[in-house]
Amino acid sequence: MRAESRHPSRARFATRARPGRVPAMAAAGLLGLYLAVAVPKGLWRAGGEVADAVDDHESPDQARRRLFGDSYTDAIDEIRRALPAGEGYLMVEGGSGMLGGTYWVRYDLAPRRAVYLGRLNELTSAQQVRRRLVANLRHVVVAFGSHKPPRLYDRFRFLQEIDRRARAGSAVRGGPGSDR
Amino acid sequence: MTADLAGGLGAIALFAVPGFALTELFPGLRRRPLPRRAAYGYLLGVATVAGGLYALSHLGGVPLRQPAVWAAAAAPALAGAAACLLRRRRVWASARRGADPASPTSAGAQPPAGAAGPDAGRTQAVAGDGSRTAARVRGGRLAIACAVAATVICIGVFAEAMTNPPHDWDGRMTWCAQARYIRAAGTVDAAVLRDERSYISHPQYPLLLPVAQVAVLEVFGADPDAPLPRAIYAAFLPALLLVIYDGARRVAGRASAALAALAAAAAPFVIRGEGGAESTYSDLPLACFYGAGLVLLLGGRPRAASGWAAGLLLAAAVLTKNEGAVLAALALALTWRSGRAGAVRFAAAAAPVVLVLAFFASWRAGIPNRQDENYPDILQAGHLWPGIVTHVADFVPVMLDKMNRFRHWAGFWWMAPVALVAGRSALRHPLARRYLAAAAGPPLVAWAAYSVHPTPVNLAAVTWERFLLQAAVPLLIVLACAWAEVWRRLARPTASPAGSDA
């Protein structure tokens, strides 16, 4: 390293034959094309973001409503009011696991501790749910897909609902707010 | 009322001010131009303030509350201020003694502004060469244009971050959720992490960035739903670009370095991809810490002070993401230089990394792992071979598909290979080779992970581009070398080789 030129691009210039200009022109052309496409797009977008930020009159709550929807935000706020920050809850995946529903609800309800109970369609009887209980928590939160409002149940009501639905041969699908 | 832009700037200053002061302790950083010094300062600030809080909380049981945050920020700031005062006092003392202005002491103590750094000698050496001067002026204008464009893009990222709360996948699944848990508990050893029954993703992931979030939220007493912590992540983008510029300028010159930084800023994935500057993932911070450590270790003469600074940055990489430990080890291995000075610098850089690895092992020992890939167990099961070969056909098409997405990369991966081929002669230099090897590190980590993972296609689909991002600094420095070679070839295609390096 001691005797090397600081510029690697120059280091072997004197000792090596130059390859043709075509690859160099192709490289320069592609770089120019890339910058010509990507930079204006980036600048345009940045300008829009700055304009949005300057015109922004939202509170954090309004920003959440804009991003996640009123029904989801209302449901989260209602559960936050019902569950003190130090209290845990049982988490049930009510939608497709691929949509990350439990992740978003868990984040929005943090620092309340979540204990995962399972997927709703796998919970077929109250007895089975009781076997799965690893913590004595009084509340159950069922999370659905992205932007769909989660639902809060008392554990007792949730178990009743599971049994009732099992008897009726259908999945739990309570009306919004009716089971809270 | 506008978005909380002032609050965001305050959040950045919480790390940037102590970090900038800390650069006073490292002559190699102190002598850099202000923007680049500020970039390293920001990275050092996150490393020391958040890292200090992490250590104080785990080892000393110090609550993660406002007094601790102020103390953690004040310590490096005061250390830097004290070092600055001492240095100036030495200069004043030598001046008062009536020392000859040309004496080595006074000349060495305060280099003239703008003359420090690797380009100073070159500037003087070529002062009389008219064509070189013209080229330098053109390069300077190009660099300024690139800097203006990159600055606008960075401001846009900051504005977006201050307008919206976190809404990305991993940020909410892991990093921001962890920040909320440890903020409420006031400790990095939160019960929710240690209780096996708690439903939590990647509980053993290192917490440097979540601790940084907590520091900001505590100091500003912010609403947990406020977008304030996102300012920390947005500020990593200019830091990344300046580190790329700093490393590339040394090996490829100003114009190519500026183009490399702008090429990074223009890549849509770097800005708004899952792991980019508009997310709350830890991949961009890891890219910064890893890249900055490399640049400090590969640039200039081996000195213990630069080793310490690089060691702090690599230690921060260890505490940023799991793969940070592997990348820190790779950086240390690639930057080894023989001789006493090289050994001293290596020891200075390795010491913080080793200490932090021990600390990290101690912290995670109390946390049962769940909802995470257990790579040590998978590796012990012996799946690496022949998976490293047989799984290739599964995940390579996914990787190529991701790199080909115009919406993510705007053609970056069509342009980069051609540049590397066209400027390949520049890549034969040992320094360029080391950067090339460093750029290969994150993709090789990814390759190994995909080879042992039970569902490599899914894993590659969601992580491959993030590994590419982690390699951004060395990769773009290598590209800058290649571009410099391309310009030289295009500018003087018929010049005799003997006169080319004048």
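Thresholds applied
- Residues numbered from 1 in each chain as written.
- Chains lettered and ligands numbered in written order.
- Predicted model: local features only at pLDDT ≥ 70, side-chain atom pairs only at ≥ 80, totals over all residues.
- Heavy atoms only, no water.
- Helix = DSSP H or I, 4+ residues; strand = E, 2+ residues; numbered from the N terminus.
- Buried < 20%, exposed > 50% of the residue type's maximum accessible area, 1.4 Å probe, protein only.
- Contact = heavy atoms within 4.5 Å.
- Areas by Shrake-Rupley, 256 points an atom, 1.4 Å probe, with all protein chains shown as cover.
- Pairing = 2+ DSSP bridges.
- Axes fitted to C-alpha atoms, helices over the stretch in contact; angles between N-to-C directions.
- Patch = residues over 30% accessible without salt bridge, like charges linked within 9 Å, V, L, I, M, F, W, Y side chains within 5 Å.
- Salt bridge = Lys/Arg side-chain N within 4 Å of Asp/Glu carboxyl O.
- Parallel < 35°, antiparallel > 145°, perpendicular 65-115°, else oblique.
- Left-handed = near helix turned anticlockwise from the far one by under 90°.
- Nonpolar A, V, L, I, M, F, W, Y, C, P; charged D, E, K, R; others polar.
- Buried area = accessible area lost by both parts, 1.4 Å probe.
- Polar contact = N/O pair within 3.5 Å; in protein donor to acceptor, adjacent residues only side chain to side chain.
- Phe/Tyr/Trp six-rings, centres within 6.5 Å; stacked < 30°, edge-to-face > 60°.
- Lys NZ or Arg CZ within 6 Å of the ring centre and 35° of its normal.
- Right-handed = clockwise from strand over helix to strand, strands pointing away.

Describing the overall build of chain A
Argument step 1. A count of helical and extended segments in chain A gives 7 helices and 4 strands.
Argument step 2. Walking chain A from its N terminus toward its C terminus, one meets helices and strands in the order α-α-α-α-β-α-β-α-β-β-α.
Argument step 3. Buried positions account for 44% of the 180 residues belonging to chain A.
Argument step 4. Long-range pairs, those at least 24 residues apart, make up 59% of the contacts in chain A between residues at least 6 apart in sequence.

Considerations on the overall build of chain B
Argument step 1. Check the secondary structure of chain B and you find 25 helices and 0 strands.
Argument step 2. Counting every position in chain B, which comprises 502 residues, the buried fraction comes to 58%.
Argument step 3. Within chain B, counting contacts between residues at least 6 apart in sequence, those at least 24 apart form 80% of the total.
Argument step 4. Summing over all exposed atoms, chain B offers an accessible surface of approximately 18,800 Å²; the carbon and sulfur share of this is 66%.

Concerning the sheet that holds strand E3 (residues 139–143) of chain A
All names here are of chain A.
Argument step 1. Sheet architecture is open: 4 strands sit in the order E2-E1-E3-E4, paired in mixed fashion. Of all the strands in the sheet, just strand E2 (114–119) and strand E4 (151–154) have a single pairing partner and so form its edges. Across the sheet, the mean angle from the axis of one strand to that of its neighbour is 30°, orientation sign disregarded.
Argument step 2. Relative to the sheet, helix H5 (residues 101–109) contacts strand E1 (89–93), E2 and E3, its axis offset from that of E1 by approximately 155°.
Argument step 3. Of the strands in this sheet, E1, E2, E3 and E4 touch helix H7 (residues 155–168), which is tilted by about 100° from E4.

Here we look at a nonpolar patch on the surface
Argument step 1. Side chains of A:Leu33, A:Val37, B:Phe406 and B:Trp414 sit close together on the surface and give an oily, nonpolar patch of about 370 Å² of accessible area.
Argument step 2. Checked against the element boundaries, A:Val37 lands in helix H2 (residues 21–55).

Digging into the packing of helix H14 (residues 283–298) of chain B against helix H24 (residues 456–470) of chain B
Residues and elements named next belong to chain B.
Argument step 1. Packing of H14 against H24 leaves a shortest axis separation of 8 Å and a crossing angle of 30°. When the interaxial angle is binned, H14 and H24 end up roughly parallel. When the axes of H14 and H24 are compared, the crossing they make is right-handed. Contacts between H14 and H24 pair Asp283, Leu284, Leu286, Ala287 and Tyr290 from the former with Arg466, Leu469 and Gln470 from the latter.
Argument step 2. Looking at the contact of H14 with H24 residue by residue, the classes come out as 5 nonpolar, 1 polar and 2 charged.

Here we look at the interface of chain A and chain B
Argument step 1. Tallying the contact residues gives 68 residues for chain A and 85 residues for chain B.
Argument step 2. The junction of chain A with chain B conceals about 7,100 Å² of combined surface from both sides, 63% of it contributed by carbon and sulfur atoms.
Argument step 3. Taking the shortest distance from any N to any O, the salt bridge between B:Asp225 and A:Arg64 comes out at 3.4 Å.
Argument step 4. Counting the contacts that link chain A with chain B gives 16 residue pairs in polar contact (both at pLDDT 80 or more).
Argument step 5. Going through the elements one at a time, helix H1 (8–11), H2, helix H3 (60–68), H5 and E2 of chain A are the ones with two or more residues in the side of chain A that touches chain B.

Observations concerning the packing of aromatic side chains
Argument step 1. As enumerated under the stated definition, the model contains 23 aromatic pairs over all chains in all.
Argument step 2. Relative to B:Trp363, the ring of B:Phe360 lies with its centre 5.9 Å away and its plane at 15°, an arrangement referred to as stacked. One end of the pair, B:Phe360, and the other, B:Trp363, are both in helix H17 (residues 340–365), 3 residues apart, so they sit about a helical turn from each other.
Argument step 3. Here B:Phe360 falls in the buried class, since its relative accessible area comes to 7%.
Argument step 4. In this structure B:Trp363 comes out as buried when scored by relative accessible area, which is 0%.
Argument step 5. Taken together, the aromatic side chains of A:Tyr34, B:Phe269, B:Trp409, B:Phe412 and B:Trp413 make up a single cluster linked through ring pairs.
Argument step 6. The positively charged end of B:Arg172 is found above the aromatic ring belonging to A:Trp104, 4.1 Å away from the centroid.
Argument step 7. Above the face of the A:Tyr107 ring, B:Arg180 is positioned so that its terminal group lies 4.0 Å from the ring centre.

Points about the pairing of E3(A)
Regular strands place their side chains on alternate faces of the sheet.
All names here are of chain A.
Argument step 1. In terms of burial, E3 is largely enclosed, as 5 of its 5 residues are buried.
Argument step 2. Residues His139, Val141 and Ala143 line one face of E3 and the alternating positions Val140 and Val142 line the opposite face, and both faces are buried.
Argument step 3. One ladder, built from 4 bridges, connects E1 with E3; its direction is parallel. Bridge assignment links Glu93 to a residue of E3, and that residue is Ala143.
Argument step 4. Here E3 runs beside E4; their pairing, made up of 4 bridges, is antiparallel. When the sheet's bridge partners are listed, Val141 is paired in E4 with Leu152.

A short note on the pairing of E2(A)
All names here are of chain A.
Argument step 1. Relative to E2, E1 runs parallel, the two sharing 5 bridges. Across the sheet, Glu93 pairs through a bridge with Arg119, a residue of E2.
Argument step 2. Read from E1 through H5 to E2, the crossover connection turns out right-handed.

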